[in-house]
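What the coordinates show
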Amino acid sequence: MYRTALRNVLAHKARLLMTVLAVMLGTAFVAGTLVFTDTLGNALKSQSARSYTDIAVTISDRDAVGKGYDLGGRGTAGPTLTEDTRKAVAALPGATEARGVVTGFAGIADRKGALIGDGFSTTGTNYVPGADGTDPRYPLVDGRGPRGSGEIALDARTAEKGGYKVGDTVRVAVNGPVMELKLTGTLRTNDPRVASGGSLAAFDTPTAQQLYLSPGRFGEIDVKGGPGADDTALLAAVKQALPQGDSPIEAKTGRQLADEQDRMIEQGTKGLSTALLAFAAIALFVGIFIIANTFTMLVAQRTKELALLRAVGARRKQIVLSVLVEAMLVGLTASVAGLLAGIGIATGLRSLLNGPMEANLPDGPLVIAPSTVIATVGIGVVVTVLAAWLPAVRAARIAPVAAMSSVEQPASQKSLRVRNAIGLLFTAAGVGALLAGSTAKEGKLVGLGAGTLLIGVFVLTPLLARPLIALFAPLLRKLYGTPGVLARENAVRNPRRTAATASALTIGVTLITALTVVGASVNKAVDEATASDMKADYTVAMQNYSMLSPEVATQVARTPGVSAMSVMRTVPVEHGADGDTEYVTGVDATTIDRLATITVTSGSADALKQGKVLVSSGYAERLGLKVGDTLAVTYPDGVKGSLAVGGVLESTTTLAGLIAPDSVVGPHAAPGTGLEKVLVKGADGADAKLKQALRDATGGNPLIAVKGEKDIKAENRQMVTAVLNIMYGLLGMSVVIAVLGVVNTMAMSVFERRREIGMLRAIGLDRRGVGRMVRLESLMIALFGGVVGVLLGIVTAWAGNRTMADSFKNITTVLPPVQILGFLVAAALIGLLAAVWPAGRAARTDILGAIKSA
């Protein structure tokens, strides 16, 4: 039987080709994902390790490190890292050097004033020269390091992007006005943020301290140990020298930090790998339909052969084993090919990201782990064998006499009734879960319901195929005559085969339609919320969502053409016996009603002008607050106070949570606390003149964005479109596999009906008619799958939208007609393209040879 299985694989190479391709594509997705993420993780770890090679112990101030980036406050009442701390640590036994470090962000403008980088990885730090005048962390490429407040050094890549050379004046900004500094040098760095496309600006230490913390203060101190020094012992000595008790200052060895960084990298690459493997699983799931269909048709075409084996003594178990061995050989061959293709995909993806897309991923060797090989081959073989199991069992159940008297036995009425009953149960369960999940706003329940409904519809597809395809009959008869009628009859001749072929395409169309409808619904909801919630003509905020300098509010208020403005300042407060932290948003009580929509459900919006707070309904429910209540709080400066609730408002995209007059909470904010944003109303409305004036007022800071309603809507749409495009690209593999399924089914159908096609040619159907018949059959199968997929996608999107009602006010299900029609047209084109080769083969069928074939 093993030799029989091998002979059958070799004898049916052409018919198994599409199955091999389907499995190969799915496993290539798996292998490419694993190789790429392993390679990326290894390269990032190697790069990270280089950053800690000369660090024995690192002392960090948690408060300072956070505030170096959000500029939420430069002062602190607790212990800090100072020059005295650095000197004390440097004098410890085993320490040879202690380097004080300050970090934050710094936006670099190019010669046109545009920001270099994306704003999220624009790093600023201090340059700490050693005895030789250089900082070993940042080897110089050209020039020297900065030595005064008017100087700066840049990483070489950023300088090249901006067109800067040593001696040029560089426009730099943190969260306030732009500074014009002299470029004294360019340098290299191992910082992964810079390597991935960010920028690095190095200042002298006093300047960096003034920009990010306060004079004389460090965010971190890196200690270098002497030759043979014990890092653990040095760590213990450092801890003894630091303030004891509850303190934001902590110390760790360089090895501990490297290990933590490695764990973070592993988590990041694991998340990326999981997301990509989910789409690989979809592609393999689609491939299951092709594999099952292929082996079902192969078994049907070999019923006489299988019957003869049964007649000469082969047991049912041996027949099943024979088919499964064939599947295993196919899966093994395809998986090995998929592994090789996956390695090529990973290599190509890295080259693409480092080339045209300029992702600047770190270099490193290609990592092909044994687990990747085992997983890829194992998944391919298991999926192929499982998909072929049911056809194998069906083959073994056919009685020898019945098999020898017919080429293909139709499914019994009992089996169809059982299948339909199972399908109805799954469909009902899926619909119930969708309704329950959408009502309870539970995304996981909706996902479970969508999957269950999809399975139920798949099981019911043979029942649905005949009536749905019959809808095309009048049009086909009128437009195409006999070929159209024959195409319709062929499409419904074997509903199970049609269903399996269409279902592969249905999966991709369902997911793409659901994503598109959800995207369109979210876009509309955000557009409407932006228009209704914000009365301001412009918002002024940082591009990287960090805090604005308080000076910006003053600059905006002085801008010609501004009729009203309000800061939005977030101030943390503690309340309750446990000291729970809540965040209060301070606004200008006299102007906020002109800049944002305030809809109160109880109390009065004028309560802000009376020094009281407004609480959004969700916060009021969570904290148990109502109009007239008082919330006792402790401000960041230690002052205790109380906030009287004057109204409960509906949450909007502009105002939510606890809203208080900035005159009440602002004075208690930590020194230097930044602003979340500034809302601006123009005397003449939103116009280009006011927008430019606001940009000029902020000193042309490339990190500060001035956005109007159109800008905010366009930004939101751009984000949704970017996510959808990524999803479409990842789902593209499953669509390609579905196309192969249609090609495979049509090609094998042509071979199976070779004698029939010869008879049609003999009684007068010309080659053009035969080709048209096959193309129309393929078209109907593809359209059938497309229509079912679109309907399922719309239902799934509707349920998904209901779960987002709390996040997107008044979200409704939007059906974009152009896109949906485009999906159906694409399904039709897929059907026509998939039929090109089978139709040509059918049209070239030799009449006499086909009629003589058994």
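Regarding the overall build of the protein chain
Each helix and strand counted, the protein chain has 29 helices and 24 strands in total. Overall size of the protein chain, expressed as C-alpha extent along the three principal axes, is 100 × 70 × 55 Å. Of the roughly 38,000 Å² of accessible surface on the protein chain, 60% is carried by carbon and sulfur atoms. For the protein chain, the distance from the average site of its 84 positive side-chain charges to the average site of its 67 negative ones is 17 Å.

Digging into the sheet that holds strand β13 (residues 220–225)
With antiparallel pairing, the 4 strands of this open sheet are ordered in space as β3-β13-β1-β14. The strands lining the two open edges of the sheet, one partner per strand, are β3 (95–101) and β14 (249–253). Each strand axis lies, on average, 15° off the axis of its neighbour in the sheet, ignoring direction. One ladder, built from 5 bridges, connects strand β1 (residues 57–61) with β14; its direction is antiparallel. In the sheet register, D61 faces β14, and the bridge partner there is I249. Against the sheet, helix α4 (residues 83–90) contacts β1, β3 and β13, and its axis sits at roughly 160° relative to β3. Set on the sheet, helix α8 (residues 231–241) makes contact with β1, β3, β13 and β14; between it and β14 the angle comes to about 170°.

Thoughts on the pattern of salt bridges
For the coordinates displayed, the defined rule picks out 21 salt bridges. Here R217 and D61 are joined by a salt bridge, their closest N and O atoms 3.2 Å apart. Here R217, found in strand β12 (residues 217–218), pairs with D61, found in strand β1; they are 156 residues apart in sequence, far enough to count as distant. Of the two residues, R217 and D61, both sit in the buried class. Linking R717 and D527 is a salt bridge whose minimum nitrogen-to-oxygen distance equals 2.7 Å. Residue R717 is found in helix α24 (residues 709–752), and its partner D527 is found in helix α18 (residues 495–533); the two are separated by 190 residues along the sequence. A relative accessible area of 37% places R717 in the partly exposed class. Since its relative accessible area comes to 12%, D527 is described here as buried. Ionic contacts of the salt-bridge type, sharing partners, join the residues D54, E97 and R99 into one network.

Quick word on helix α17 (residues 482–493)
Look at α17: 16 Å from first C-alpha to last across 12 residues, which is about the 16 Å you get at 1.5 Å a residue. Every buried residue of α17 is listed here: P483, G484, A487, R488, N490, A491 and V492. Buried residues along α17 sit in contact with α15 (443–470), α16 (473–480), α18, α25 (754–762) and α26 (767–803).

Thoughts on the packing of α24 against α26
Contact geometry for α24 and α26: axes closest at 11 Å, N-to-C directions at 140°. Between α24 and α26, the crossing angle belongs to the class labelled oblique. Between α24 and α26 the crossing geometry is right-handed. Only V774, E777, S778 and I781 of α26 make contact with α24, whose side of the interface consists of V742, M746 and V750. In terms of residue class, the contact of α24 with α26 is made up of 5 nonpolar, 1 polar and 1 charged.

Some words on unusual backbone geometry
Glycine aside, negative phi is the norm for most residues, and most peptide bonds take the trans geometry. The phi angle at K441 is positive, at roughly 60°, despite the residue not being glycine. Its place among the elements puts K441 in the loop between α14 (413–440) and α15.

Considering the nonpolar core
In this structure, F29, L505, I737 and V774 are the most contacted members of the largest nonpolar core, which totals 71 residues. The greatest single-element share of this core, amounting to 16 residues, is contributed by α26. Among the nonpolar cores identified, the runner-up in size contains 56 residues, and F105, V170, V562 and L690 belong to it.

What to know about the side chain of D662
Tracing the sequence through the fold places D662 in helix α22 (residues 662–665). By relative accessible area, D662 is classed as buried at 14%. In terms of polar contacts, D662 uses its side chain to reach the side chain of R569, at 2.9 Å.

Looking at the pairing of strand β22 (residues 658–661)
Alignment of strand β17 (residues 580–587) against β22, held across 4 bridges, turns out to be parallel. Pairing of V584 across the sheet is with L658, part of β22. Here strand β19 (residues 613–616) pairs with β22 via 2 bridges, running antiparallel. Across the sheet, the residue bridging to V615 is L658, located in β22.

Here we look at the packing of aromatic side chains
Tallying each qualifying case throughout the model produces 4 aromatic pairs. Where F285 meets F289, the ring centres are 5.5 Å apart and the plane angle is 80°; that geometry is what we call edge-to-face. Residue F285 and its partner F289 are both found in helix α9 (residues 254–301); the two are separated by 4 residues, about one turn of the helix. Classification of F285 as partly exposed rests on a relative accessible area of 35%.

Topic: a positive patch on the surface
A cluster of like positive charges, contributed by R754, R767, R841 and R844, occupies part of the molecular surface. Among the structural elements, R754 can be located in helix α25.

Some words on the environment of V57
Mapped onto the secondary structure, V57 falls in strand β1. Not counting residues up to four positions away in its chain, the partners in contact with V57 are I221, D222, V223, D231, L234, L235, V238, A251, K252, T253 and G254.

Topic: a nonpolar patch on the surface
Together, L821, V825, L829, L832, L833 and V836 line one region of the surface with nonpolar side chains, adding up to about 560 Å² of accessible area. In terms of residue count, helix α27 (residues 817–834) provides more of the nonpolar patch than any other element does, 5 residues in total. Mapped onto the elements, L821 comes out in helix α27. Overall, the relative accessible area of 53% leaves L821 in the exposed class.

So, how was this worked out
Per chain, the residues get numbers from 1 upward, laid out in the order the sequence is written. Note on the predicted model: pLDDT of at least 70 is required for a residue's local features to be given, and 80 or more for side-chain atom pairs to be given and counted; whole-chain, interface and lining totals, by contrast, use all residues. Side-chain numbers here rest on the full set of heavy atoms in the structure, without hydrogens or water. Only DSSP runs of H or I covering at least 4 residues are called helices, and only runs of E covering at least 2 are called strands; the numbering of each starts at the N terminus. Note on areas: these come from Shrake-Rupley sampling with a 1.4 Å probe, and a residue is covered only by the protein chains present in the view. Charged residues are defined here as Lys and Arg on the positive side and Asp and Glu on the negative side; His and the ends of the chain fall outside this count. All charge positions are set by atom: Lys at NZ, Arg at CZ, Asp at CG, Glu at CD. Here, a strand pair is defined by DSSP locating no fewer than two bridges between the strands. For helices, the axis comes from a line fit to the C-alpha atoms of the stretch in contact; other axes are also lines fit to C-alpha atoms, and the angle between any two N-to-C directions lies between 0 and 180 degrees. Note on contacts: a residue pair is in contact if any heavy atoms of the two residues lie within 4.5 Å. Every case where a carboxyl oxygen of Asp or Glu lies within 4 Å of a side-chain nitrogen of Lys or Arg is listed as a salt bridge. When accessible area is computed with a 1.4 Å probe and restricted to protein chains, residues below 20% of their type maximum are described as buried, those above 50% as exposed, and intermediate ones as partly exposed. Here, expected helix span is obtained from the residue count minus one, scaled by 1.5 Å. For classification purposes, angles smaller than 35 degrees are called roughly parallel, those larger than 145 roughly antiparallel, those between 65 and 115 roughly perpendicular, and all remaining angles oblique. Helix crossings get a hand from a simple test, with the near helix turned counterclockwise from the far one by less than a right angle marking a left-handed crossing and a clockwise turn marking a right-handed one. Basically, the charged four are Asp, Glu, Lys and Arg, the nonpolar ten are Ala, Val, Leu, Ile, Met, Phe, Trp, Tyr, Cys and Pro, and anything else, Gly included, counts as polar. Buried Ala, Val, Leu, Ile, Met, Phe, Trp, Tyr and Cys residues that are joined via side-chain atoms within 4.5 Å together make up what is termed a nonpolar core. Distance and chemistry together define a polar contact, namely a pair of N or O atoms within 3.5 Å, with one atom able to donate a hydrogen and the other to accept it when in protein, and with adjacent residues in sequence counting only for side-chain atoms on both sides. Any two of the Phe, Tyr and Trp rings considered here, Trp counted by its six-membered ring, make a pair once their centres fall within 6.5 Å; the pair's planes then place it as stacked at under 30 degrees, edge-to-face at over 60, or tilted in between. What goes into a patch is any residue over 30% in relative accessible area without a salt bridge, connected to like charges within 9 Å or, for nonpolar side chains (Val, Leu, Ile, Met, Phe, Trp, Tyr), within 5 Å.

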